[in-house]
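Observations on the model geometry
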Amino acid sequence: MKVLIVDPGVHSRGGHHYNAVVRLQRELAKLGLAAPCLGSAYADAEVVRDLACTPTFTRSVYGRSYESPREFADSVEEAGRNLAQSLARHGRNADLLVLPCCDQVLAASIASAFRRTRFRSPPHVLLWLLYGPHYLLSTEDPRAVGLAAECRDAFAALTTSLGDAGYLHVYSETRQMAEFYRPLIGLEVGIMPGPGLLMPRRSARHVAPDRPPTVLCIGFANRPKGYRLLPEAVEQVLRRHRTARFMIHGIIEGSDAEGDQPVFDRLSALGERVAVRHDVLSDRDYATLLDQADLLLLPYDPAVYRTRGSGVFSDARKIGLPVVATGACAFAAPAFEQGWGIAITEYGAPGITAAVLTALERLDDLTRCAAAVADRQTDGLASLLEAIVTDIRSQRPHGMAGVVRRLSRLRL
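Below is a short write-up of the structure. Computed from a predicted structure; not experimentally measured.

Looking only at helices and strands, the protein features 17 helices and 13 strands. Scaling as 2.2 N^0.38, a compact globule of 412 residues should have a C-alpha radius of gyration of about 22 Å, and the protein matches this with 22 Å. The C-alpha extent of the protein, read off along each of the three principal axes, is 75 × 45 × 40 Å. The buried share of the protein, reckoned over its 412 residues, is 57%.

Attention now moves to helix α10 (residues 283-292). Among the residues of α10, those classed as buried are Asp283, Tyr286, Leu289 and Leu290. Down the axis, α10 shows its buried residues gathered within 130° of arc, on one side only. Along its buried surface, α10 packs onto α1 (15-30), β8 (214-217), β9 (245-249), β10 (274-277), β11 (295-298) and α12 (311-319).

What follows deals with the packing of aromatic side chains. Applying the stated criterion across every chain, the model contains twelve aromatic pairs. Here the aromatic cluster, defined as three or more aromatic residues joined through ring pairs, consists of Tyr300, Tyr305, Phe313, Phe331 and Trp340. Geometry around Tyr305 places Arg308 over its ring, the cationic atom sitting 4.6 Å from the centre.

Quick look at the pairing of strand β2 (residues 37-40) now. Here two bridges tie strand β1 (residues 3-6) to β2, and the two strands are oriented parallel to one another. Bridge pairing links Val6 to Leu38 in β2. Of the crossover connections in this fold, the one passing from β1 over α1 to the parallel β2 is right-handed. Two strands pair when backbone bridges link them, and β2 and strand β3 (residues 53-57) are joined in this way by four bridges, in the parallel orientation. Paired with Cys37 across the strands is Cys53, a residue of β3. Regarding the hand of the β-α-β motif, the stretch spanning β2, helix α2 (residues 45-50) and β3 is right-handed.

One open sheet holds the seven strands; their spatial order is β3-β2-β1-β4-β5-β6-β7, and the pairing between them is parallel. At either end of the open sheet lies a strand with only one pairing partner, and these are β3 and β7 (189-191). Direction aside, neighbouring strands of the sheet carry axes that sit 25° apart on average. Examined bridge by bridge, β1 and strand β4 (residues 96-99) share three bridges and lie parallel to one another. Residue pairing across strands places Leu4 opposite Leu97, the latter belonging to β4. The strands that α1 touches are β1, β2 and β4; relative to β1, the one it contacts most, it runs at about 170°. Sheet strands in contact with helix α7 (residues 175-185) are β6 (168-172) and β7, and its direction is about 175° off that of β7.

A few words now on the environment of Ser282. Within the secondary structure layout, Ser282 lies in the loop between β10 and α10. Along the primary structure Ser282 and Arg13 are separated by 269 residues, whereas in three dimensions their C-alpha atoms are 5.9 Å apart.

Here is what the cut-offs are and how they apply
Counting from 1, residues in each chain are numbered in the order their sequence is written. Local features in this predicted model are restricted to residues whose pLDDT is 70 or higher, and side-chain atom pairs enter the listing and the counts only when it is 80 or higher, whereas totals over whole chains, interfaces and linings include all residues. With hydrogens and water stripped out, all remaining heavy atoms of the structure feed into the side-chain values. Helix and strand labels come from DSSP, where a helix needs a run of H or I of at least four residues and a strand needs a run of E of at least two; each type is numbered from the N terminus. Here the radius of gyration uses the C-alpha set of atoms, whereas the globule reference equals 2.2 Å times the residue count to the power 0.38. When accessible area is computed with a 1.4 Å probe and restricted to protein chains, residues below 20% of their type maximum are described as buried, those above 50% as exposed, and intermediate ones as partly exposed. Note: the arc covers the axis-to-C-beta directions of the helix. Two residues form a contact once any of their heavy atoms are found within 4.5 Å. For this analysis, a ring pair means two rings from Phe, Tyr or Trp (six-membered ring only for Trp) whose centres lie within 6.5 Å, classed as stacked if their planes differ by under 30 degrees, edge-to-face if by over 60, and tilted for the remaining angles. When the NZ atom of lysine or the CZ atom of arginine is within 6 Å of a ring's centre and also within 35 degrees of its normal, the charge is said to sit over that ring. Strand pairing follows a simple DSSP-based rule, namely that at least 2 bridges must link the two strands. With the strands aimed away from the viewer, a crossover counts as right-handed if its path from the first strand over the helix to the second runs clockwise. Lines fitted to C-alpha atoms define the axes, with helix axes restricted to the stretch in contact, and inter-axis angles between N-to-C directions lie between 0 and 180 degrees.

Laid out in structure tokens, this is it:
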């Protein structure tokens, strides 16, 4: 049985895309399966080596301008051509393709590549829809409404190219995102966090009065992540809480916030209780920062993240790390309901300040609740992969009956 992981966003060590492939490969290895990766054409040597990655895609999943239908068609043509070339060399006999971060361009390009590549039999496709039709806009934003047709057409083409909707396994990270996509693409959409690192759970901690609590903000610093609100909010927390420390990690290179360096300069100027870094974190460094933190701050813009999930939030839930997050963000609702999160009720620097101060006052209770949730929480990825692999293995054609079945499924 052959598995391929497909993600145009994989190009350097660290970050969501790299970590997703690492986790998928580890889980599939437990099932006796190697899972090489088709990643960015610009993947560095370490990624090529670490992930058995074939540099493939000349455009990232985030490389769209959304300017016109022509731009969508050109994106699909480019990605489809890239993919067909790699599949012809590495994936003609693939039984399962895994797409940890799929959009309508990638779905349509896979359909296009399937038409160009003669498969032994149609592969199963497992994919996650992590964001709406426009990755920087809410699903409710009027500017994204016109992109719905792209999604309908892309997934209709993908389903047709497989010849059987049962070969397609689609997931989103939140109930709201799944409910958005189900009627749009006409497919069942399950709810499951995207693949993320499997990190050890933290034991319940008591933050001693003489040990300063650390508030962590970490990730890719796109503007919807709310980093621009941090200088004012952090300064106010430092004034009103005598020991709290902040670790602000934000990658701005390659983001839509490359011009926001002054935001981080202001944070760096707040004194020794604020540490700022911009480096791409290895999976080990990422896990270490989460483990050392006492509170995770996610000041995400509700206009963009109202229905979207968050990989960092999912990791916090797995290890038992309390959070402060924007109250309108769907992904954070379980933390508020289960007692290990504090909501930012007013989106802005004053609201962030108030929520962080409340969380620091209640940190011991929040930490105990987070640990209890982590003790009974599983993300379900291992079980999902095992179920799909078992199904494929049971259906794998053999002998002359298999030949007849394969021929009947081919769409020439």
